[in-house]
Each structure stands twice: as structure tokens, then as C-alpha cells.
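Spelled out from the first residue to the last, the chains are:
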Amino acid sequence: MFGAVRAWRSLRLPVAQQHLDRLTSTDASFLHQEGPVSHMHIGGVLIFDGSPPAFEDYLDHVRSRLHLVPRYRQKLATPPLETGRPLWVDDPSFNLEYHVRHSALPPPGTEEQLFQLAARIASQPLDRSRPLWENWLIEGLEGNRFALISKTHHALVDGVSGVDLATVLFDIEREPAPPDLAELEPWQPQPEPSAAELVAAGARGMVGTTVELATRAMSAATEPAASLARLRDIAEGVGEIVWAILNPAPETPLNVEIGPHRRYAVVRQRLSEYKEVKNAFGGTVNDVVLSVVSGALARWLRQRGIRTEGLEMRALVPVSVRAADERGTLGNRLTLMRAPLPVYIRDPLARLRVVRQTMDGLKESKQAVGAATLAAVNDLAPPTILAQASRLNFSTRLFNLLVTNIPGPQVPLYVLGRELIDLFPLAFLPENHALAVAIMSYNGAVGYGLLADYDALPDLDVIARGLDVSLQELLACARARASAETPARETPARETPAAETPAAETSRRRAAPAGGPVPILPTAGERRKRGPAADMRAAKRPRGDRPVGKPPRA
């Protein structure tokens, strides 16, 4: 949903988004996947400190940045008889006031009311006859705050590292430099294309894709050794995906028929706590996130009376494959990884260890290469085949829920001088998937956004509370380990006693010879003694005397 601050800084000029651009196969797959109950838009709930700006001022602010993302003034156009993938075309009737909306919470304006409104907004599909986005300015939030709710179709932006409108609306300074008036020239849309022009544009896109693949093939022919290694990786990667399809994800209460209505809950945590766990036990922040999610789901399942022994759920984890030279472009550059959620493990540390080891194996595997290869093949597929492939990608055979972790900027951001204080992402629900967990870090915080089907998950709050419990368990393990290691580092070396009697020294040396272990049993001489009284009697006897009543043995 949001790019890094450096990506925003690179957007001084309009992004290369042209009239009659053809959607990529991945972009088109999100359109094919969309249905009456599965909406393929993403977004976020952003909470700001201070009083809200006037709506007209906010409109002007959006208008002043809109030239940086030309796609937000474009709509979809489909070639006749669906002979090719849809294209982006300028919308000559573009109306900013339709896309930027103004609302207010009724008193008392609690966060619960705000998140209920976000759930209702997420429950409504976007109008495909217009540019595929909305942005809501929400007043009336208690505590002298206001909110923005963004909503953008997944075909427009990849949600992990792509650039969208929300990115360019932000400033990294409370009072930024005024915009360059030369960049704010009135927008002149291209005329709507005819049916013949749509067919021709689609054909040009197909030819471009074919030429690109042919160029790659020629390049591979000049480097046979590297190409052979690449083919082995591709074969291995496709094989891993086929194996995942043949070994489906387990059946869970999350994989049921869903409706169009949504619930939304959030969780606030600190990024420093995730790093504390990571630094104590190794791995990555994402490993800790997946372990925390696993623990929360395990508690939720057990509370519903479902046994978790031997149950390992699967999460679909989107991974951006956007190259460095593709920064600042819209559209999707994603591959999908299937990560384990070992809900069968009750011990938090053991659960983290399994997640870390499995994720390390996935990173070394060729699953991403196989997914990228299938995506490239889809570029040549006709719309009907592409629609079937997109349904396979989001099949319940492959995963139980979506979990996406988005790294955000770690500096304060501002809109019209108001500081962004909370950021909670909104994901989407594919068909027959009742829960999506989106996580985003911002300015030292970690915000969870839990989107759920309204009917399937009335107990969404149980999962939200479980996220806090799971993180606290791992923190307790990390801090216990740190406190156990601190005395070992700080305790000084043991000092030798100031005085030691010759008898004690002789006994110590006999009991623990140099380099040998200390004996557990006493020596023969020590066994004759019975404590202090025996020592006193031995001191009174002349040397050579023996105790009375015990004659010497022959």
C-alpha cells in the first residue's frame, strides 16, 4: 500500500503510465478473481493527530499530487469479445469529488466506530466503469484526531512495494516546500479509444510480450551453462508448486463460504519488541510475525473446541519481485510463497524455531522461481485460461489464509501539517477464505489489520487478543534468556580463601588432583570421622594411640 520514503522522493516526475497500457497477467488475475463476495481491493486506515483539514483543502492537496500517479485518472477498457486482456485508458469524465469522499463519525467517535465504518467501506466493490480507487476523509474521531481510509483495487498496485496515491500524499516534513506550479497544468485526457484501437493496442501488447520472450530465449542460447542451471531451477520450482497442489492445506473453520460483508479489527504493537525476539533467537522479523500469528490462531482454534495436534496451517505470503529499475511503477510485481503456521506446537519458542527453519528452507527452495515462471507463461495465455489460472492461485487447496507483512517508513509522515500516528493495513478475502492478516510497520510501531467475513468470524476479537498474548510469550522467553546470560557475563572470578589449614589443603588436593574431577564419595580417611567431636578426641590422643574397645586387626 505504501512505498518507502525513498520511493516517494523518486516521484518528482510523473510515473510512466500510458494511455492504452495493457494489464499484466497478474493484474488481470485480480480482476478475474473478483466476485460478488470476494472484493479484490486493498487499502488502509490512517489516524492523524490534530483537527481535520477543511475538505476543500484536502481536495486541493490530492489534486496537486495526482499528476504523480496518472493511473488514478484511468479506467478499464476491455477489447471486443474479450479477445485480450483489459487496458488502461484515460477517463474523460474523471471527477475527483467522486473518488475523494467526506464523512464523520457520530458521537462519541470511538475507534470501534471508525473500524466498523472501515469494514463497511471494505464490503462494497469498486465501480469498474471508473478509476478503481476511493479515499475517505473521516472527521469526529475522539481525542482530537481524524482519519483517512484508502481503498484501491489490487489490479492497480501490488500492495507491498508499489506506489499508490497514499504514498504521494505524504510529506516527510511538517511544512514541505510548495509544489512546482509548472507541474500543475490542467489535465488533458486522451479521447476514448474505438473498438479497433483496443484490438490494435492489445495486439501490440501481445507482440511486445512475444518479442521479450524471444529475446530472453536468444540470450539463453548464448550462455548454455547458465541457461541449463536456470532450467533446472525452473523445473524444481514448478515441481514444488505441483507438490503443494497435490498436498492441500488442511480444512479449517477459516475455509468456508463467505459473504460480501466484513469485520475489521486492529492490534497495536512495537517493532522494537519483534526485534528483541529476533535478536535473542535469530531469524527475521517476519519469522517472529508468522510465529505470533500461529500462536493466536492456535488459541482461537482451541477456544472453538478444535484439536490442534498435528495441525499445520498454511499462509499465503505475497513477496514483491519488483526490480530496482521498476521502482515508481504501478501494477503488480508479486510472487506468492506458502508459509507454515504450526498451530500444533504449544511451546512459543519451539514454534518460532520451526517457523524459522521452514522459512529458511523456502528461501533456499525454487518455489519463487517456479511461481515467476508460471506468471510469465500466463502473459501469453488468453483471458479464459488466465481466469482459470487465477482461481487456482487462490484455491483453498493451497492455503488457509492470507498473511502479508509490509515494511513501512520508520520516520514520521505528514499530510497538510498533521502527523500520521497510526497506520493499519486492509487486505482482501479471496473466495472461501474468511480471514486475512495484514501487518505494516511505521515509525517504530507495528499495526495489524484483521479483515474477516462478518458471519464466519464473530469471534475475531479472540484472534486479535491472541496476537498480543503470543508476542508477550516470546518476549518473556527472550528476556528470560537475557537475564540468565547477564549474571554469567558480570560475575567476577571466584577468589581463593585468605587462609587454609594444612590439613584442609592436603584433603582438597587429595580429593581433587590436578586436572581431575572432584570425587562425589569421601575418601577412606574422611569416612572414619563423625564430625567435630571425632576431631576433638583425635587431638587429645597421643600419636599412635587407637580408640579403646577396637583392637587392631591381625
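Because the structure is predicted, anything quoted here is derived from the model rather than measured.

Participant: Explain the confidence of the model for the protein to me, please; I cannot follow it from the model alone.
Facilitator: Do not read the fine detail of predicted coordinates wherever pLDDT is low. Confidence along the protein averages 79 in pLDDT terms, with 66% of residues attaining 70 or more. For the stretch residues 321-332, pLDDT sits under 50, and the model shows 40 contacts to residues farther than four places along the chain or on other chains. Note on residues 493-500: pLDDT is under 50 here. Beyond four places in sequence and across chains, it has two contacts.

Participant: Can you walk me through the sheet that holds strand 5 (residues 100-104) in this structure?
Facilitator: By way of backbone hydrogen bonds, the strands of a sheet pair with one another, either parallel or antiparallel. A sheet is described by the order of its strands in space; here six strands give the open sequence 5-6-7-2-13-12, paired in mixed fashion. The sheet is open, and its two borders are formed by strand 5 and strand 12 (414-415), each paired with just one other strand.

Participant: Honestly, helix 10 (residues 285-303) in this entry has me stumped. Any pointers?
Facilitator: One full turn of an α-helix is made of 3.6 residues, so residues set three or four places apart face in the same direction. In a regular helix each residue adds 1.5 Å, so 19 residues correspond to 27 Å; helix 10 covers 27 Å between its end C-alpha atoms and thus fits that length. Summarising burial for helix 10: 14 of the 19 residues are buried, a large majority.

Participant: Explain the nonpolar core to me, please; I cannot follow it from the model alone.
Facilitator: A general tendency of soluble globular proteins is for nonpolar side chains to be buried together. Counting residues in hydrophobic clusters, the biggest one holds 48 residues, and the most contacted among them are Leu-297, Met-313, Leu-401, Leu-435, Val-437 and Tyr-448. The element best represented in this core is helix 10, accounting for 10 residues. With 37 residues, the next largest nonpolar core counts Val-157, Val-266, Phe-399 and Leu-429 among its residues.

Participant: How should the pairing of strand 2 (residues 41-49) be read in this particular structure?
Facilitator: Each regular strand carries side chains that alternate between the two faces of the sheet. Within strand 2, eight of the nine residues are buried, which leaves it mostly tucked inside the rest of the structure. In this sheet, strand 7 (residues 145-153) lies alongside strand 2 in antiparallel orientation, the contact comprising nine bridges. The residue bridging Asp-49 from the neighbouring strand is Arg-145, located in strand 7. In the sheet, strand 2 pairs with strand 13 (residues 418-426) via six bridges, with the strands oriented antiparallel. The residue bridging Gly-44 from the neighbouring strand is Pro-425, located in strand 13.

Participant: How should helix 5 (residues 111-122) be read in this particular structure?
Facilitator: Its 12 residues place the ends of helix 5 16 Å apart at the C-alpha level, agreeing with the 16 Å of an ideal helix rising 1.5 Å per residue. In terms of burial, helix 5 is a largely internal element, nine of the 12 residues being buried. Looking at helix 5, one finds that the buried residues are Glu-111, Gln-113, Leu-114, Phe-115, Leu-117, Ala-118, Ala-119, Ile-121 and Ala-122. Looking at the buried positions of helix 5, the neighbouring elements they touch are strand 2, strand 6 (133-141), strand 7, strand 8 (262-270), strand 13 and strand 15 (445-453).

Participant: Just checking my understanding: could you explain the environment of Pro-70 for this structure?
Facilitator: With respect to the helices and strands, the residue Pro-70 is situated in the loop between helix 3 (55-65) and strand 3 (74-77). Residue class for Pro-70 comes out buried when judged on its relative accessible area of 18%. Sequence separation between Pro-70 and Leu-165 is 95 residues; the distance between their C-alpha atoms is 9.7 Å.

Participant: Could you clarify how one ought to interpret unusual backbone geometry in this entry?
Facilitator: Where the residue is not glycine, phi is negative for most of them; where a peptide bond is considered, it is trans in most cases. With omega at 5°, the peptide bond leading from Pro-107 into Pro-108 counts as cis. When you line up the elements, Pro-108 lands in the loop between strand 5 and helix 5. In this structure, Asn-144 takes a positive phi of about 55° despite not being glycine. For Asn-144, the position within the fold is in the loop between strand 6 and strand 7. You can call Asn-144 exposed: its relative accessible area is 51%.

Participant: What's the story with the pairing of strand 7 in this structure? I'm lost.
Facilitator: Where burial is concerned, most of strand 7 is hidden: nine out of the nine residues are buried. Burial along strand 7 is two-sided: the face carrying Arg-145, Ala-147, Ile-149, Lys-151 and His-153 and the face carrying Phe-146, Leu-148, Ser-150 and Thr-152 are both buried. With seven bridges joining them, strand 6 and strand 7 adopt antiparallel strand pairing. Each residue of the ladder has a partner; that of Trp-136, found in strand 7, is Ile-149. A loop of three residues connects strand 6 with strand 7, the two strands running antiparallel in sequence, and Gly-143 in this loop sits at a positive phi of about 85°.

Participant: Explain the packing of aromatic side chains here, please?
Facilitator: What describes a pair of aromatic rings is the distance from one ring centre to the other and the angle between the planes of the rings. Applying the stated criterion to the full structure yields seven aromatic pairs. Each residue in the set Phe-48, Phe-146 and Phe-170 is aromatic and connected to the rest through ring pairs, giving one cluster. The ring centre of Tyr-98 lies 4.0 Å from the NZ or CZ of Arg-130, which sits over that ring.

Parameters and conventions
- Residues numbered from 1 in each chain as written.
- Predicted model: local features only at pLDDT ≥ 70, side-chain atom pairs only at ≥ 80, totals over all residues.
- Heavy atoms only, no water.
- pLDDT = per-residue confidence, 0-100.
- Contact = heavy atoms within 4.5 Å.
- Pairing = 2+ DSSP bridges.
- Helix = DSSP H or I, 4+ residues; strand = E, 2+ residues; numbered from the N terminus.
- Expected span 1.5 Å × (residues − 1).
- Buried < 20%, exposed > 50% of the residue type's maximum accessible area, 1.4 Å probe, protein only.
- Core = buried A, V, L, I, M, F, W, Y, C linked by side-chain atoms within 4.5 Å.
- Phe/Tyr/Trp six-rings, centres within 6.5 Å; stacked < 30°, edge-to-face > 60°.
- Lys NZ or Arg CZ within 6 Å of the ring centre and 35° of its normal.

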